[in-house]
Amino acid sequence: MVDLQAVLDSIYKELTPRIGEGKVADYIPELAKIDPNQFGMAVVTVDGKVYRAGDADVPFSIQSISKVFMLTLALGKVGEGLWKRVGREPSGSAFNSIVQLEHEHGIPRNPFINAGAIAVTDVVMAGHAPREAIGELLRFVRYLADDESVTIDEKVARSETQTGYRNFALANFMRAYKNIDHPVEHVLGVYFHQCALSMSCEQLARAGLFLAARGSNPMTGHSVVSPKRARRINALMLTCGHYDGSGDFAYHVGLPGKSGVGGGIFAVAPGVASIAAWSPGLNKVGNSQLGAVALEMLAARTGWSVFGD
Ligand code: GLU
């Protein structure tokens, strides 16, 4: 067994001169204010050990990583029926692309592009007022992380509500195809709040541990989903978790993962560990530049790629 703390320390040391690389997301004004000179990483193993490096305890905007938690909730509510509303294929397009939606009659390619995630949020809202759906997600994530201090950054949610024109376009488009049941402002109100969840690398790695451990969190004993469902969520993250950078992430890292424009990447080594890396500077396809490099180094040094060591 490799010395994981030594691996994280060496990654942190080697990447320190590069901290600040990439471009912070600026289309959400509140995210544009983030200091790019930050980098953190946390690994939680299925036997309950926690390893950290750099700014592993600093909360950041998890943005699209929240789509994994919302997908888990939606599958819990409607099961496989969800796949009538959203597909399971990689998109090959940008996270906020609208072109494919028209070709495919308002059914988004997968639950991790924005359109797909908005449809998933609409599913979770059934029978709830928007405020209740936000509360349900927050409670769920706190339960997963076993940490009541996880919060939603209202400023980030408000900032995106004021400027999220493309997401309004996507949601209106799907509503026209009857793939959104609730008023668009309500659905996006929930979606922007889920994206504004604020979590540290350690909280994120703890919250996602169930996906590395056949659906149950070995640290809390909480059973979250069946082993089959955990396997399938991991399959979706592997194929669709990084937008049009998904193939490249599989090639370089080889782990199921989900990125967010806040600069976080959550990844799973099935049966072994859950991992979170964060650095706000993004690469051209909107994924954390150093986060992806750090995960590539981790996978290479541990032999954790799902494609073999
Ligand atoms: N809230 C962001 C948006 O909808 C999420 C995108 C991302 O993290 O990739 O634009």
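About the thresholds
Residues numbered from 1 in each chain as written. Predicted model: local features only at pLDDT ≥ 70, side-chain atom pairs only at ≥ 80, totals over all residues. Heavy atoms only, no water. Helix = DSSP H or I, 4+ residues; strand = E, 2+ residues; numbered from the N terminus. Rg over C-alpha atoms; globule rule 2.2 N^0.38 Å. Buried < 20%, exposed > 50% of the residue type's maximum accessible area, 1.4 Å probe, protein only. Contact = heavy atoms within 4.5 Å. Areas by Shrake-Rupley, 256 points an atom, 1.4 Å probe, with all protein chains shown as cover. UniProt positions renumbered as here; feature names shortened; annotations may be inferred. Phe/Tyr/Trp six-rings, centres within 6.5 Å; stacked < 30°, edge-to-face > 60°. Lys NZ or Arg CZ within 6 Å of the ring centre and 35° of its normal. Pairing = 2+ DSSP bridges. Axes fitted to C-alpha atoms, helices over the stretch in contact; angles between N-to-C directions.

Across its full length, the protein chain carries 14 helices and eight strands. The C-alpha atoms of the protein chain give 18 Å as radius of gyration, which agrees with the globular expectation for 309 residues (19 Å, within 12%). If you line up the protein chain on its principal axes, its C-alpha atoms span 55 × 40 × 35 Å. Counting the 309 residues in the protein chain, one finds 57% classified as buried. Considering only residue pairs separated by 6 or more positions, the protein chain has 68% of its internal contacts joining residues 24 or more positions apart. Within the structure as shown, the protein chain displays about 12,400 Å² of accessible surface, and the carbon and sulfur contribution to it stands at 52%.

Turning next to the UniProt feature "binding site: substrate" (unreviewed entry) in the protein chain. As annotated by UniProt and renumbered to match this structure, "binding site: substrate" (unreviewed entry) occupies Ser64, Asn114, Glu160, Asn167, Tyr191, Tyr243 and Val261. The class for Asn167 is buried, based on a relative accessible area of 4%. Contact partners of Asn167, with chain neighbours within four places excluded, come to Asn114, Ile118, Glu160, Leu188, Tyr191 and Phe192. Among residues more than four places away in sequence, those in contact with Val261 are Ala25, Tyr27, Leu31, Gln63, Phe95, Leu282 and Gly286.

Our next topic: the environment of Ala32. In this fold, Ala32 is placed in helix 2 (residues 29-32). Along the primary structure Ala32 and Ala94 are separated by 62 residues, whereas in three dimensions their C-alpha atoms are 20 Å apart. Residue contacts for Ala32: discarding those within four places in its chain leaves Val24, Ala25 and Asp26.

Moving on to the packing of aromatic side chains. For the structure on display, the rule yields five aromatic pairs. Linked through ring pairs, Phe168, Tyr191 and Phe192 together constitute an aromatic cluster. The ring of Trp83 has Arg88 lying over it, and the distance from NZ or CZ to the ring centre is 5.2 Å. When the ring centre of Tyr243 is taken as origin, the NZ or CZ atom of Lys258, which lies over that ring, is 4.3 Å away.

If you trace the five strands from one edge of the open sheet to the other, you get 2-1-8-7-6, paired in antiparallel fashion. Of all the strands in the sheet, the pair left with one neighbour each is strand 2 (50-54) and strand 6 (257-259). Ignoring which end each strand starts from, the neighbouring axes of this sheet average 10° apart. The pairing of strand 6 with strand 7 (residues 264-269) spans three bridges and is classified as antiparallel. Bridging across to strand 7, Gly257 finds its partner in Ala267.

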